[in-house]
Amino acid sequence: MADADKVPDGADDAGTVPRHALTAQQVLKRVYGYDTFRPGQRQVIDSVLSGRDTMAIMPTGGGKSLCYQIPAAMFAGFFGNRPIGMTLVISPLISLMQDQVEALRSVGVPGAYLNSSLSPERSAAIMRAVRERRITILYCAPERLARREFRDLISSMPIALVAVDEAHCVSHWGHDFRPDYRQIRDFTDACAPHAVRLALTATATVRVRDDIISSLQLRRPAVFQTTFDRPNLWFGVRKLGNREKDQWILDYALAHSDESGIVYCARTKEVDELARMLASHGVSAAPYHAKLDADTRKATQSDFIHDRIRVIVATNAFGMGIDKPDVRYVVHHNLPGSIEAYYQEAGRAGRDGDPGRCMLLWNGSDVNLRSRFIDMPGDAPRGMDPEEADGVRRTKRAMLDFMVGYCGTTHCLRGMILRYFGEEGPESCHNCSNCDGRFEAVDVTDIARAISRCVHDMRQSTGRGTIANVLHGVTARGGAPTRGSARDHSALPTFGALKRQPIGLIRDVMTQMIADGYLAIHTSDAGYPLVVFGPRAAETADAGFAYSIKRDASSSMPRSGVSKPVSEAMEPSDQGLFEQLRELRKQIAREANVPPYVVFSDRTLRDMAQAKPATDEEFLAINGVGEKKLERYGGRFMDMIAAYGAEGKE
Ligand code: ADP
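Computed from a prediction, not measured in an experiment: that's the story for all the values here.

Q: Would you take a moment to explain the environment of Met416 for this structure?
A: Looking at the secondary structure, you find Met416 in helix H17 (residues 413-420). The exposure class assigned to Met416 is buried, which follows from its relative accessible area of 2%. Through-space distance from the C-alpha of Met416 to that of Tyr406 is 7.0 Å; in sequence the pair is ten residues apart. Excluding anything up to four places from it in sequence, Met416 contacts Phe402, Gly405, Tyr406, Thr409, Ala515 and Asp516.

Q: Help me out: how do you make sense of the side chain of Thr494 in this one?
A: With respect to the helices and strands, Thr494 occurs in the loop between helix H19 (464-472) and helix H20 (503-515). Note on Thr494: relative accessible area 3%, which makes it buried.

Q: Just to check I follow, could you spell out the sheet that holds strand S1 (residues 54-57) for this structure?
A: Strand pairs in the sheet, formed through backbone hydrogen bonds, run parallel or antiparallel to each other. Sheet architecture is open: seven strands sit in the order S3-S4-S2-S5-S6-S1-S7, paired in parallel fashion. Strand pairing shows two members of the sheet lacking a second neighbour, strand S3 (111-114) and strand S7 (222-225), which therefore form its edges. Pairs of neighbouring strands in the sheet enclose a mean axial angle of 15°, with direction left out of account. The pairing of S1 with strand S6 (residues 196-201) spans four bridges and is parallel. Within the sheet, the bridge partner assigned to Thr54 lies in S6 and is Leu198.

Q: Would you take a moment to explain the side chain of Thr315 for this structure?
A: Structurally, Thr315 is set in strand S11 (residues 311-315). Here Thr315 falls in the buried class, since its relative accessible area comes to 7%. If we skip the residues at most four places from it in the chain, Thr315 touches Tyr264, Cys265, Arg267, Thr268, Val271, Tyr288, His289 and Ala290.

Q: Looking at this model, I keep getting lost on the pattern of salt bridges. Mind explaining?
A: Two side chains bearing opposite charge may form a pair once their charged atoms approach each other closely. One pass over the structure, following the stated rule, counts 27 salt bridges. The shortest N-O distance in the salt bridge between Asp189 and Arg185 comes to 4.0 Å. Of the two residues, Asp189 and Arg185 are both situated in helix H8 (residues 184-191); the distance of four residues between them amounts to about one turn of the helix. For Arg185, a relative accessible area of 30% corresponds to the partly exposed category. A salt bridge links Glu591 to Arg636; the shortest N-O distance between them is 3.0 Å. Here Glu591 is found in helix H22 (residues 572-592), whereas its partner Arg636 is found in helix H26 (residues 627-649), with 45 residues between them in sequence. Bridged by salt links that share partners, the residues Asp307, Arg310, Lys324 and Asp326 form one connected network.

Q: Please clarify how helix H15 (residues 364-375) should be interpreted in this entry.
A: For an α-helix, the turn length of 3.6 residues means that residues three or four places apart are oriented alike. For H15, spanning twelve residues, the distance from its first C-alpha to its last is 17 Å, which sits close to the expected 16 Å at 1.5 Å a residue. The complete set of buried residues in H15 reads Asp366, Val367, Leu369, Arg370 and Ile374. For H15, the buried positions fall inside an angular range of 160° around the axis, keeping them on one side.

Q: Which parts of the structure should I look at to understand the pairing of strand S16 (residues 529-533)?
A: A regular strand carries its side chains on alternate faces of the sheet. Two strands pair when backbone bridges link them, and strand S15 (residues 519-523) and S16 are joined in this way by five bridges, in the antiparallel orientation. Across the sheet, residue Thr523 finds its bridge partner in S16, namely Pro529. The hairpin turn running from S15 into S16, its antiparallel successor, is five residues long, and Gly527 in that turn takes a positive phi close to 90°.

Q: Help me understand the site of the ligand, please; the structure alone is not making it clear to me.
A: In the neighbourhood of the ligand, 15 residues make up the surrounding shell, with Thr36, Gly61, Lys64, Ser65 and Arg351 lying closest. A distance of 3.0 Å separates an oxygen atom of the ligand from a polar atom in the side chain of Tyr34. Between the ligand and the protein, one listed contact pairs an oxygen atom with a backbone N or O atom of Gly63 at 3.0 Å. In isolation the ligand has 570 Å² of accessible area, and contact with the protein removes 83% of it.

Q: Can you help me understand the packing of H15 against helix H16 (residues 386-408) in this one?
A: Angle between the axes and distance between the axes: these two values describe a pair of packed helices. Contact geometry for H15 and H16: axes closest at 10 Å, N-to-C directions at 170°. One way to sum up the angle between H15 and H16 is to call them roughly antiparallel. Handedness of the H15/H16 crossing: right-handed. Facing Val367, Arg370, Ser371, Ile374 and Asp375 of H15, the residues of H16 in contact are Arg393, Lys396, Arg397, Leu400 and Val404. Residue classes in the contact of H15 with H16 are distributed as four nonpolar, one polar and five charged.

The rules we used
- Residues numbered from 1 in each chain as written.
- Predicted model: local features only at pLDDT ≥ 70, side-chain atom pairs only at ≥ 80, totals over all residues.
- Heavy atoms only, no water.
- Helix = DSSP H or I, 4+ residues; strand = E, 2+ residues; numbered from the N terminus.
- Buried < 20%, exposed > 50% of the residue type's maximum accessible area, 1.4 Å probe, protein only.
- Contact = heavy atoms within 4.5 Å.
- Pairing = 2+ DSSP bridges.
- Axes fitted to C-alpha atoms, helices over the stretch in contact; angles between N-to-C directions.
- Salt bridge = Lys/Arg side-chain N within 4 Å of Asp/Glu carboxyl O.
- Expected span 1.5 Å × (residues − 1).
- Arc of directions from axis to C-beta.
- Near = heavy atom within 4 Å.
- Polar contact = N/O pair within 3.5 Å; in protein donor to acceptor, adjacent residues only side chain to side chain.
- Areas by Shrake-Rupley, 256 points an atom, 1.4 Å probe, with all protein chains shown as cover.
- Parallel < 35°, antiparallel > 145°, perpendicular 65-115°, else oblique.
- Left-handed = near helix turned anticlockwise from the far one by under 90°.
- Nonpolar A, V, L, I, M, F, W, Y, C, P; charged D, E, K, R; others polar.

In short, geometric facts, not functional conclusions.
Here it is as structure tokens:
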């Protein structure tokens, strides 16, 4: 039985409670072993501790969990603070709960979770532990909020904090709406009215943000948004045919067989086929999607986090439940529906701060598939009126446009992502396939100029199709222009200006210009998407204006893997010790039945191999070592380090 499945009795952990209350900074160091907060963590934690409703917007891997875990421990009186109550964490990611609880236990904080994967007996035992105040943090899925016994339990308890993870799921305007999230507000009002409310998300659009505040009824919330930049991630885009995509992934996985990776596919069928193909060529790979039974999914996930399987091939819907800090690469086998979805999925690489690589493979049939997803009638959320559903569909189409623009841009990919999230974004990051310069571009300056002039001619009041038609010299119905009719644009100066260019190219350039900010889409009063000028429109009239889009990108992931230099920087002797420490970690993880990274991260082991701590104090100074871990593992690791040193001297 995994450690996390046991209900803690609390006594084991009481020993670490100090006489004086710890500050958040001290908890960070003494419990988690980290020296500094990541950007935004400190502000969010201070805000929550001051009792204010708070919204935290941070990228995937930004460290959101600590933003509620540290206040939770402090609110529970766990570190000598005045006890206020328990923390409830609402999360849609059932499969993550166990990981989180295991990680909490490993640092000595009693957490537990309630979700559909537990037997009735287990649930009852956990509810008892909650009632007896032995639990500091309780994770639950939103479905649970409707249950009578759960509501009664929570109502009877002092609840200090309600943290809503993946808070964008409450909004129709996000990329992952979940109807159950709509209950959170009523639940909190009724069962935990005095609790501080904390919403956490990696989605930053203003509309979703406003929706979260009103749907969860955050009261005068403090809103913190950190940069979305993840400098340790390399981004790449490549246009490939379906068969070439598979070959590319196979080659990559074989060349990086000692690394963990995730491959996202759009559909179950592709997941199964690709996983089978990879496995048949000797890649340690397994599929993961909704149609597999719960036990298989659980086993696969456990194999992945324990490094028994190196590559997970998953659908995007269920890939969300796959979490592991040392995933070194994420490949998208298909185009995602939005930058948000893409960044969330790709962001699962390199959460530990070490280098990660994110490659997006795409082609035209992906774009068609995504468009079809948007148009499917079942895609509109239940109970939405047709007008609102239309609006949602338009938003999704705009998101997809931007995603296609990301694939075709010749500008810095990181810059483009950051601008999407409302940040300035660099002109060049030197860590993406465009900045590496490995692509072929087609000069489309004249086309872009003509499009811009045409938008002006049309007074920014028509859609894309009309603009492409006018430039190409056809009327709306494709017949000869009839003078004097409402649709007659043949007298315009730009009519037929691009009659030699394929209409598809004109459209592609327009899509690209929208994504790059030269044009924008504005919804008319009647609900039609109109092409208007974007913030950079004026530049197209500059004498020096030059514009290009990608032909077929010939970029590829850096061959050696960006992660290599980090370990190469180690002395060879340290490298030897590092390998031994990894073995020891593996052994300890097996004994305790926890994933290796729960014991220590690679980074912590690397620090250890270099610093060679010999005393408790030195061991505690290693990044990622807290008191509980010193107590549990310090002896064994220091013994190994000492033995290694002695060997070297002989
Ligand atoms: P998110 O939920 O925002 O995607 P997580 O909370 O899972 O991110 O954190 C990602 C990783 O970063 C975890 O492995 C976590 O232990 C680590 N981490 C979080 N905060 C810090 C910190 N201040 N210093 C070092 N590592 C941290």
